[in-house]
Amino acid sequence: MTFGNKLRFYLNGTSVEIDNPDPDTTLLNYVRSIGLTGTKLGCGEGGCGACTIMISSYNQTLDKISHISANACLTPLCSIDGKHIITIEGIGNVKNPHPIQERLALLHGSQCGFCTPGVVMSLYSLLRNNPNPSEEEAEECFDGNLCRCTGYRPILDTAKTFACVENNDPYKNHEPQEYVGCGKVDCCKLNNVDTTFNHNFSQIQFKKYDATQELIFPPSLMKYAPGPLHFHSSKTKWFRPVNLDQLLLLKTEYPNATLVSGNTRVGIETKFENIKHDVQIYVGDIPELKSWEFKEDGLSLGANMTIARVQDVLKEACNYYKPHQIQIFEALSENLKRFATNQIRNISTLAGNIIDNSSTSDLIPLLLSSESIFSLSSLQSTLKKSRPVPSVSFWTGYNQDCRASSEILESIFIPCSNHGQYVRAYKQSKRHYGDRAIVNAVLSISLDHNSQVQKACFAFGGMNRAVVRAPNAENFVEGKKWGDENVLEQLIEVLCEEFQLSFSVIGGMATYRKTLIIGFINKFWYDVTKSANIAALSPDIENSIGEIKRSISKGSQTIGRPEEGNKIVGKAISHESAIKQTTGQAVYIDDMPRIEGELCGVFVTSQKPHAKILNIDPTQALNIPGVKGFFSSKDVPGKNSWGIFIEDEEIFASKEVFYVGQIIGLIVAETKKIAQEAKDLVKIEYEELPYILTIEEAIEQNSYYPMTPQLAQGDIEKGFKEVDHIFEGEARSGAQEHFYMETNAAFIIPKEEEEFEVHSGTQNPTQTQRNIAEALGIAANKVTCRVKRVGGAFGGKEIKSLLISMGLAIGAWHLKKPIRCVLDRNEDMIITGQRHPFLGRWKIGLTKDGKILACELKFYLNGGGTSDVSKEVAQVAIFASDASYYIPNVRFIGYPCKTNIHSNTAFRGFGQPQALFIVETMLNDVAERMGINANELREKNLYMEGQKTPYNQKLENWCLPSVYQQVKETSEFEKRKKEIEEFNSNNKWRKRGIALLPIKYGVSYSALFMNQAGALVHIYLDGSVLISHGGVEMGQGLHTKMLQIASEALDVPINTVHLMEYATNLVINSSPTSGSLGSDLNGNAVHNACKILAERLKPYREKMPDKSFGEIVKAAYHDRVNLSANGFYKAPDIGYDIHKNEGQLFLYYTTGAACSEVEIDTLTGDHTILRTDICMDIGRSLNYAIDVGQIEGGFIQGVGWCTNEQTLHFPNGNLYTTGPEKYKIPGARDIPQDFRIYTYKGAKSSNIKSIHSSKGIGEPPLLLGNTVFFAIREAIKAARKCNNNNAPVVLRLPATPERIRIACDDEIVRKCKVEKKDGEVPWVIET
Ligand SMILES: Cc1cc2nc3c(=O)[nH]c(=O)nc-3n(C[C@H](O)[C@H](O)[C@H](O)COP(=O)(O)OP(=O)(O)OC[C@H]3O[C@@H](n4cnc5c(N)ncnc54)[C@H](O)[C@@H]3O)c2cc1C
Ligand code: FES
Ligand code: FES
């Protein structure tokens, strides 16, 4: 066999040839290395979609071009020979954007923009295959794209402008459609607009989408005849055979070679599990392994068919075979819909999944229960030999199968089902879409004409280290009569016996996993009973046997006061960088061009939760070629210790480490790959010390930071004496990972002598400047920190970003070279801290008619290994502890716990979401115990105009009661409550719940000095304006609002005003951008500067009324008028003294209310949000579209915190949830199916002393995610009521499927309960 060593492919329409490419290079690394930086690295594990590109290929046999979306982070560069790769840059640019890019920008679908190129490419791939998708297809194409900012609604809306409502019927023959007007099928020009579900923003004219204008498949590639290839590096050999014979020959020659197909398993092993694959044989271009055949008795599938291709073939098979033959194919087809994501299904293969043999494989249960047959092939003295192996005998143990080393899997035969056979597949995961199973099952039975079971095959995933059958249950049921309830009861007993999980079982969730098995069996039992016409089902059961289905989502945005007659302020204009972001041209730190001599930094971190450092030895690491240095505490030229309020942190840990992930040193090398390799070779000797992980352990061991903020008002003892009822209880919330899409990053460039230019993805540039100066022992004026844009932050880049910049600066100081570091997702999650978990203990006193007179609240929050802002978070939580209710006598105390997990930090809401959750849980509990309605209790105690808060702030212009009332009415809360009762009584295992909550959110920093901002505005002689201010753009639209303010204040067109970046040498001593204060503080400063300039120009404007602004400016210049002004602002009126409980704490409140309705499946714990109505009082918005984006995005982030996002640690202190595979933020199909946003119309906003009477909106909507939690709680209550279980619901936040299921506390849960034995430790814990 002769091998070529040139890789040939097309990239964005241009031919590329590479000699002997490095087999270890991914497509993502390659495209980014040649400057196509629109494709982003978000996780490197196929879980976020930021790296989505499109791969087109031509099938000569079928004469067909196919287009697939794929994750470039998992695609080996060497695998793309003969293909056409299209990246975001290939489809449009700022001057000529693709219609997708334009519409996503105009419809406000891009905030920080980091996810945006991936989002665009997913939709683009869909349209290239199908220019007229149905609305459902348009929604589904994003199952592999995460967005942390937008809440997805505008992304889905954008996709739907390309969808044909008519094509929602997938079986209809799709004719190409002529788009009219905006391109949306229900465009108003077609007169069929449902105004309820249309936003009130101006009608937008989109560019027309014409599928015929797309980039063509290169004709020369159609003629390309692929031949065998061989590439190699010093570490890896790569072979690409093009037929089966060549493959078998290679496998004989290299029996230990790893076959690579989609690389979705091998890629993960290489990157995250340190497994070496020295010889790799790529099997993705072998036609024999991708062919299929409809045989008489079943389907033969080539082993390396992709999952997506198998889905297509299964659809055909369901039409080809007779109805009784397709049971297995239908079940598999249904199952594969929830297999991974579009991008993964497009490249991962059957063989890869089978060989991977994961216990949660979605494929293997079906192959086992259908008794499929695998064909293994090898070369035996030049002849191909194949042997069939039944699936049941293929796997021989954990990670073992029966293949000889020279054998490959060639094909899989899946038999047709027989008369009387029924097959169903089930899957339960943490997130409904784009997630692996917790438990899955394929259940099959064959019945005779008397409904007697002839044969049963039950296969379960997630119950053991591999997928397993349940022989005892199968044997038990064989010969029994299906439909006989006694048989079901006994079958459940047998299954419970058969699956004995211990409390400490790998994967955890022992009780839950057992309940899922029983849940699936119940569903299967009744489904078959109905399908086989054994008995009619009662409607309450019939409705519950399938899985929760989601309809196409719809959203409406009803805005209160659009535009208010202002020229620019108040207009719903798009994010100023939107088009740059949608075209991939927006630059983030990792996208900045490399500069001469640049090096890469990687941090060496603690592996122990608490230990003394005995020795650090970097010798081996330093011996690796390309490593330039290792730096630790002894190398810090200035101060190693730092801290925001207490100096208890070190840049590099010197003597002791306090958490896993604490930074000990920095490796600097020529490339990231070398630095990461070297990092693992730094030897650290520890002396392990006792450690504390959870709040409960900290309380037990009295481990607190020495600061316990408290607030008291009234006479609490007297209050408790005057009440009729006193209740006590507690509530517990978990952590939340920020999961900004751009990880923490910094780039430090040493300049002349001691000058440093710092590019940091930080919310806190001034502190970055100050801390670097202190670390280096130089003056702050030598350090300039610049921030162009940040790919999402949410509080996670306020303090923790400093760790990265300071560490790198020390390396740059010593080496005098530029150093860049972009944390990998897992590094970021391990190092940088999260939202604080809270435990709230409460005691409350009420009169018999429900008036709250006294409340004592104690908050315990898990601060982690250093204090960071834990005290401040506790303090803010205390100020929020009244929630929306007047309580005359209170005592609130916060205890920041000192533990040995990552140091927890600021996160959107800063303690308020936790406080709200605890207080509202208290109210629900109390209402349940008093037997009264929780919302009546809320309404009775809701703050009224003129009442005072515990910190003595009088509530003026108070509109919360009417905001609450508005949501109550628009959501038809009372009516729907009745409908829900009706629904619940008609459904045995489906329950609905609804919750309505008010929120108030005080806006101001409690540290008075932080309530200030500066700005600098220059007017150039051509009339163009450059503004700079102290805020950072991280997706929230701050710069857009600042441009609007400047444009209006100077009375110039907005397109003549520009904002380049934030830099500490332009605007000094800025506060961090946080606390929903960015627009107000900086907006006022910008306004101030512009007004100074406008005043200076006034005489010229009056003198030259007909002249252009440029001419006016020139005239002023010639008169030596200063055309540059510095603006400054300090918030008025505020100044609170906590010791005296005097002075005004907040400038104003942002208030709101929301109502959410959910449906849960009580057999699985699954849930969906049916509808959410949110009303926010946002004053006179600076930009309604941006504010709606904050409301939707904040709410969905809150929903994530309340439902799926669960941070887990191993008992040894290591973080378990280190990436998107294990930590699930909401996806596009987790948002409310019906999502309605209103802004409040009735507020007297002119009284608000904020910029243009607008209100801060970044954080408050997150609190409303709590409505989903409490709606779930109501649904659980309904489920328990059916079982006469009226005990109060104890539900910890987040309400994961596991917790929902267990909280239903029915007979199945009790039967499946796995008790903890003495000495047993859980597999993972929540801290
Ligand atoms: C983000 C993400 C989400 C996922 N979600 C799911 C999910 O929901 N459900 C699920 O079941 N799985 C899921 N997976 C797992 C994934 O489906 C499997 O890893 C995949 O099917 C492997 O296929 P591949 O072609 O990429 O295999 P590769 O990584 O290319 O190879 C995997 C193994 O198979 C071997 N191999 C490949 N072809 C052959 C052959 N012909 N003969 C012998 N050996 C061969 C390789 O040598 C290697 O050992 C997910 C993976 C990722 C990354
Ligand atoms: S970077 Fe590829 S999926 Fe996240
Ligand atoms: S806009 Fe999607 S992650 Fe920021």
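Residues numbered from 1 in each chain as written. Chains lettered and ligands numbered in written order. Predicted model: local features only at pLDDT ≥ 70, side-chain atom pairs only at ≥ 80, totals over all residues. Heavy atoms only, no water.

Caption draft 1: Spatial organisation of the overall build of the chain. Secondary structure assignment for the chain yields 39 helices and 47 strands. In summary, the chain has a C-alpha radius of gyration of 31 Å against a globular reference of 34 Å for 1327 residues, a match within 12%. Principal-axis analysis of the C-alpha atoms places the extent of the chain at approximately 90 × 75 × 75 Å. Counting all 1327 residues of the chain, 65% fall into the buried class. Counting only contacts in the chain whose residues sit at least 6 apart along the sequence, the fraction spanning at least 24 positions is 77%. Working note: accessible area of the chain is about 47400 Å², and carbon and sulfur atoms make up 49% of it. Put simply, the chain has 142 plus and 153 minus side-chain charges, and the middle of one group is 2 Å from the middle of the other. (Helix = DSSP H or I, 4+ residues; strand = E, 2+ residues; numbered from the N terminus. Rg over C-alpha atoms; globule rule 2.2 N^0.38 Å. Buried < 20%, exposed > 50% of the residue type's maximum accessible area, 1.4 Å probe, protein only. Contact = heavy atoms within 4.5 Å. Areas by Shrake-Rupley, 256 points an atom, 1.4 Å probe, with all protein chains shown as cover. Lys, Arg positive; Asp, Glu negative; His and termini not counted. Charge placed at Lys NZ, Arg CZ, Asp CG, Glu CD.)

Caption draft 2: Geometry of empty space enclosed by the protein. Counting across every chain of the model gives 17 cavities of 30 Å³ or more. When its volume is computed, the largest cavity comes out at roughly 190 Å³. Taken together, 18 residues line the largest cavity, and the ones lying closest to its centre are His 432, His 1167, Thr 1168, Arg 1229 and Asp 1230. At three residues, the largest contribution of residues to the lining of the largest cavity is made by strand E46 (residues 1167–1177). For the lining of the largest cavity, the class distribution of residues is six nonpolar, five polar and seven charged. (1 Å grid on protein atoms, 1.4 Å probe; cavity = no way out; pocket = protein on both sides within 12 Å on 5 of 7 lines; lining within 4 Å. Points joined across faces, edges and corners; volume = space filled by probe spheres on them. Nonpolar A, V, L, I, M, F, W, Y, C, P; charged D, E, K, R; others polar.)

Caption draft 3: Quick look at the site of ligand 1. The environment of ligand 1 is formed by 30 residues, the closest being Leu 259, Ser 261, Thr 264, Thr 349 and Asp 362. Take Leu 409: an N or O atom from its main chain is 2.9 Å from a nitrogen atom of ligand 1. The contact in question runs from a nitrogen atom of ligand 1 to an N or O atom on the side chain of Arg 436, over 3.3 Å. In isolation ligand 1 exposes 990 Å². Once the protein is present, 94% of that is buried. The set of elements that each furnish at least two residues to the shell around ligand 1 consists of strand E8 (258–260), helix H12 (350–356) and strand E16 (408–415). Sorting elements by how many residues they give to the shell around ligand 1 places H12 first, with five residues. In the shell around ligand 1, the residues fall into 10 nonpolar, 12 polar and eight charged. (Near = heavy atom within 4 Å. Polar contact = N/O pair within 3.5 Å; in protein donor to acceptor, adjacent residues only side chain to side chain.)

Caption draft 4: Main features of the sheet that holds strand E44 (residues 1124–1130). The strand order across the open sheet formed by four strands is E42-E41-E40-E44, and the pairing between neighbours is mixed. Strands at the two margins of the open sheet, each flanked by one partner only, are strand E42 (1057–1058) and E44. In terms of strand pairing, strand E41 (residues 1025–1029) meets E42 through two bridges, oriented parallel. Looking across to E42, one finds that Leu 1026 is bridged to His 1058. Running at roughly 140° to E44, helix H33 (residues 1078–1103) makes contact with strand E40 (1012–1019), E41 and E44 of the sheet. (Pairing = 2+ DSSP bridges. Axes fitted to C-alpha atoms, helices over the stretch in contact; angles between N-to-C directions.)

Caption draft 5: Expanded view of the sheet that holds strand E10 (residues 292–295). Pairing is antiparallel across the open sheet formed by five strands, whose spatial order is E10-E11-E16-E12-E13. In this open sheet, the two strands that pair with only one neighbour each are E10 and strand E13 (383–390). On average, each strand axis in the sheet is tilted by 20° relative to the strand beside it, whichever way the strands run. Here E10 pairs with strand E11 (residues 298–302) via four bridges, running antiparallel. Counterpart to Trp 292 in the pairing with E11 is Leu 301. Across the sheet, helix H10 (residues 327–337) touches E11 and E16, and the angle it forms with E16 is around 120°.

Caption draft 6: Just helix H31 (residues 973–985), in detail. Its 13 residues give H31 an end-to-end C-alpha distance of 18 Å, which sits within 8% of 18 Å, the value for a rise of 1.5 Å per residue. Looking at H31, one finds that the buried residues are Phe 973, Arg 976, Ile 980, Phe 983 and Asn 984. The buried residues of H31 occupy one face: seen down the axis, they fall within an arc of 90°. The exposed residues of H31 that point more than 90 degrees off its buried face are Lys 978, Glu 981, Glu 982 and Ser 985. (Expected span 1.5 Å × (residues − 1). Arc of directions from axis to C-beta.)

Caption draft 7: Molecular detail of the packing of helix H28 (residues 912–930) against helix H37 (residues 1266–1282). Close contact between H28 and H37 brings their axes to 11 Å; oriented N to C, the two are set at 25°. Judged on the interaxial angle alone, H37 and H28 are roughly parallel. The two elements H28 and H37 meet at a crossing, and its hand is right-handed. Side by side, H28 and H37 meet where Pro 913, Leu 916, Phe 917, Glu 920, Thr 921, Asn 924, Asp 925 and Glu 928 of the first sit next to Asn 1266, Phe 1269, Phe 1270, Arg 1273, Glu 1274 and Lys 1277 of the second. Class assignment of the residues belonging to the contact of H28 with H37 gives a composition of five nonpolar, three polar and six charged. (Parallel < 35°, antiparallel > 145°, perpendicular 65-115°, else oblique. Left-handed = near helix turned anticlockwise from the far one by under 90°.)

Caption draft 8: A look at the UniProt feature "binding site: [2Fe-2S] cluster 2" (unreviewed entry) in the chain. Per the UniProt entry, the sites bearing "binding site: [2Fe-2S] cluster 2" (unreviewed entry) are Cys 112, Cys 115, Cys 147 and Cys 149 in this numbering. Spatially, the listed residues are clustered: although they cover 38 residues, their C-alpha atoms lie within 9.4 Å of one another. Mapped onto the secondary structure, Cys 112 falls in the loop between helix H2 (99–106) and helix H3 (116–129). A residue is classified by how much of its surface remains accessible, and Cys 112, at 5% relative accessible area, is buried. Each residue touching Cys 112, except ones within four places of it in the same chain, is listed here: Cys 149, Gln 581, Tyr 588, Val 790, Gly 791, Gly 792, Met 1034 and Gly 1035. By secondary structure assignment, the location of Cys 115 is in the loop between H2 and H3. (UniProt positions renumbered as here; feature names shortened; annotations may be inferred.)

Caption draft 9: Region of interest: the pairing of strand E18 (residues 437–447). Along E18, 11 of the 11 residues are buried, which leaves the element largely enclosed by surrounding structure. Bridge analysis of strand E17 (residues 421–429) against E18 gives nine bridges, and the strand direction is antiparallel. By the bridge assignment, Val 423 is partnered in E18 with Ser 444. Examined bridge by bridge, E18 and strand E19 (residues 453–461) share eight bridges and lie antiparallel to one another. Paired with Ala 441 across the bridge in E19 is Phe 460. As consecutive antiparallel partners, E18 and E19 are separated by five residues, and within that stretch Ser 451 has a phi angle of approximately 65°, a positive value.

Caption draft 10: Just the pattern of salt bridges, in detail. Counted by the stated rule, this structure contains 85 salt bridges. Linking Glu 269 and Arg 265 is a salt bridge whose minimum nitrogen-to-oxygen distance equals 3.4 Å. Residue Glu 269 is classed as buried on the basis of its relative accessible area of 15%. The residue Lys 975 makes a salt bridge to Glu 972 at a minimum N-O spacing of 3.6 Å. Taking relative accessible area as the criterion, Lys 975 reaches 45% and is therefore assigned partly exposed. On the basis of relative accessible area, Glu 972 is assigned to the partly exposed category, the value being 36%. Linked through salt bridges whose partners overlap, the residues forming this network are Asp 925, Glu 928, Arg 929, Arg 1273, Glu 1274 and Lys 1277. (Salt bridge = Lys/Arg side-chain N within 4 Å of Asp/Glu carboxyl O.)

Caption draft 11: Here's a closer look at the packing of helix H17 (residues 510–531) against helix H38 (residues 1297–1304). Across the interface, H17 lies against H38 with an axial gap of 10 Å and an inter-helix angle of 75°. Considering the angle they form, H17 stands roughly perpendicular to H38. Only Pro 1297, Glu 1298, Arg 1301 and Ile 1302 of H38 make contact with H17, whose side of the interface consists of Thr 511, Tyr 512 and Thr 515. Taken together, the residues of the contact of H17 with H38 sort by class into three nonpolar, two polar and two charged.

Caption draft 12: Local environment of H3. Spanning 14 residues, H3 covers 20 Å between terminal C-alpha atoms, matching the ideal 20 Å at 1.5 Å per step. Summarising burial for H3: 13 of the 14 residues are buried, a large majority.

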